Amino acid sequence: MTDKELIAKVHNGDKESLDVIIRKYYDEIYRFCLYLTGQETDSYDIVQEVFLKFIRHVDSYRYQNLKGYLLMIARNSCYDYFRHKKETVDIEEMEEAGKEDEGILQVEDEMLLQQALTRISPEQREVIILRIQEGFQYSEIAAILGCNLSTVKSRYFQGIRN
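Basis of the calculations
Residues numbered from 1 in each chain as written. Predicted model: local features only at pLDDT ≥ 70, side-chain atom pairs only at ≥ 80, totals over all residues. Heavy atoms only, no water. Axes fitted to C-alpha atoms, helices over the stretch in contact; angles between N-to-C directions. Helix = DSSP H or I, 4+ residues; strand = E, 2+ residues; numbered from the N terminus. Parallel < 35°, antiparallel > 145°, perpendicular 65-115°, else oblique. Left-handed = near helix turned anticlockwise from the far one by under 90°. Contact = heavy atoms within 4.5 Å. Nonpolar A, V, L, I, M, F, W, Y, C, P; charged D, E, K, R; others polar. Salt bridge = Lys/Arg side-chain N within 4 Å of Asp/Glu carboxyl O. Buried < 20%, exposed > 50% of the residue type's maximum accessible area, 1.4 Å probe, protein only. Polar contact = N/O pair within 3.5 Å; in protein donor to acceptor, adjacent residues only side chain to side chain. Phe/Tyr/Trp six-rings, centres within 6.5 Å; stacked < 30°, edge-to-face > 60°. Lys NZ or Arg CZ within 6 Å of the ring centre and 35° of its normal.

## Section: the packing of helix 4 (residues 66–85) against helix 7 (residues 122–133)
Taken N-terminus to C-terminus, the directions of helix 4 and helix 7 make an angle of 155°; their axes are 12 Å apart at the nearest point. With respect to helix 7, the axis of helix 4 lies roughly antiparallel. Helix 4 and helix 7 meet at a crossing whose hand is right-handed. Contact with helix 4, carried on its side by Leu71, Arg75, Tyr79 and Phe82, involves Pro122, Glu123, Arg125, Glu126 and Leu130 of helix 7 and no other residues of that element. Partitioned by chemical class, the residues of the contact of helix 4 with helix 7 number five nonpolar, no polar and four charged.

## Points about the pattern of salt bridges
One pass over the structure, following the stated rule, counts seven salt bridges. Between Lys24 and Asp3 there is a salt bridge whose closest N-O contact spans 2.6 Å. Within this pair, whereas Lys24 is found in helix 2 (residues 16–37), its partner Asp3 is found in helix 1 (residues 3–11), the two being separated by 21 residues in sequence. The closest approach of N and O atoms between Glu49 and Lys53, which form a salt bridge, is 3.0 Å. Separated by four residues within a single helix, Glu49 and Lys53 lie in helix 3 (residues 40–57), roughly one turn from each other. Residue Glu49 is classed as partly exposed on the basis of its relative accessible area, which comes to 32%. Accessibility expressed as a relative area gives 23% for Lys53, which makes it partly exposed. Within this structure, Glu28, Arg31, Lys67 and Glu134 form a network of salt bridges that share partners.

## Digging into the side chain of Asp42
With respect to the element layout, Asp42 can be found in helix 3. Asp42 gets classed as buried once you look at its relative accessible area, which sits at 17%.

## Observations concerning the side chain of Asp3
For Asp3, a relative accessible area of 17% puts it in the buried group. Polar side-chain contacts of Asp3 include one of 2.4 Å to the side chain of Tyr25. If near-sequence neighbours (up to four positions away) are discounted, Asp3 is found in contact with Lys24, Tyr25 and Leu66.

## Remarks on the packing of aromatic side chains
Under the criterion given, the structure shown has eight aromatic pairs. Taking the centre distance of 6.1 Å and the plane angle of 15° together, the rings of Tyr26 and Phe51 count as stacked. Here Tyr26 is found in helix 2, whereas its partner Phe51 is found in helix 3, with 25 residues between them in sequence. Accessibility classification places Tyr26 together with Phe51 in one group, the buried group. On the basis of an interplanar angle of 70° and a centroid distance of 5.6 Å, the ring pair of Tyr138 and Tyr156 is categorised as edge-to-face. Of the two residues, Tyr138 is situated in helix 8 (residues 138–145) and Tyr156 in helix 9 (residues 149–161); the sequence distance between them amounts to 18 residues. Overall, the relative accessible area of 16% leaves Tyr138 in the buried class. For Tyr156, a relative accessible area of 13% corresponds to the buried category. Counting every residue linked through ring pairs, the aromatic cluster contains Phe54, Tyr61 and Tyr69. Above the ring of Tyr138, the side-chain terminus of Arg131 is found at 4.3 Å from the ring centroid.

This is the structure in structure tokens:
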């Protein structure tokens, strides 16, 4: 069933379709939050918040890209997390997270990617994650982040260079 069909069912009162949406996107939203925050437990909390926000506002949802919409909520929630915590994630914290749960980081490439991501700004990090990990086009990323295309490209190439 397509996202559009699921949303139509939700708008018609079918609450089970919400469960289908959550199951469909939970892991991807969690992974995105984990890459941004570097904190496993906090990422679970943020994902719960993302879906609670989505459920609260699902009746007004009119976007065409549900995954992009959920990632936008996740991005904003992660930024709220950073503002609340007033701290940045450093490499040592990322390594500790990796030691605590080896299931999250199954291959060495992922660990190297996470370490590299901690060295760049959150703005560059989210563009790189959306482009490389999630496979979005630059124009889709610009729409998700609410910025222009040249800004997205600039953040991506600056992040890759660092």
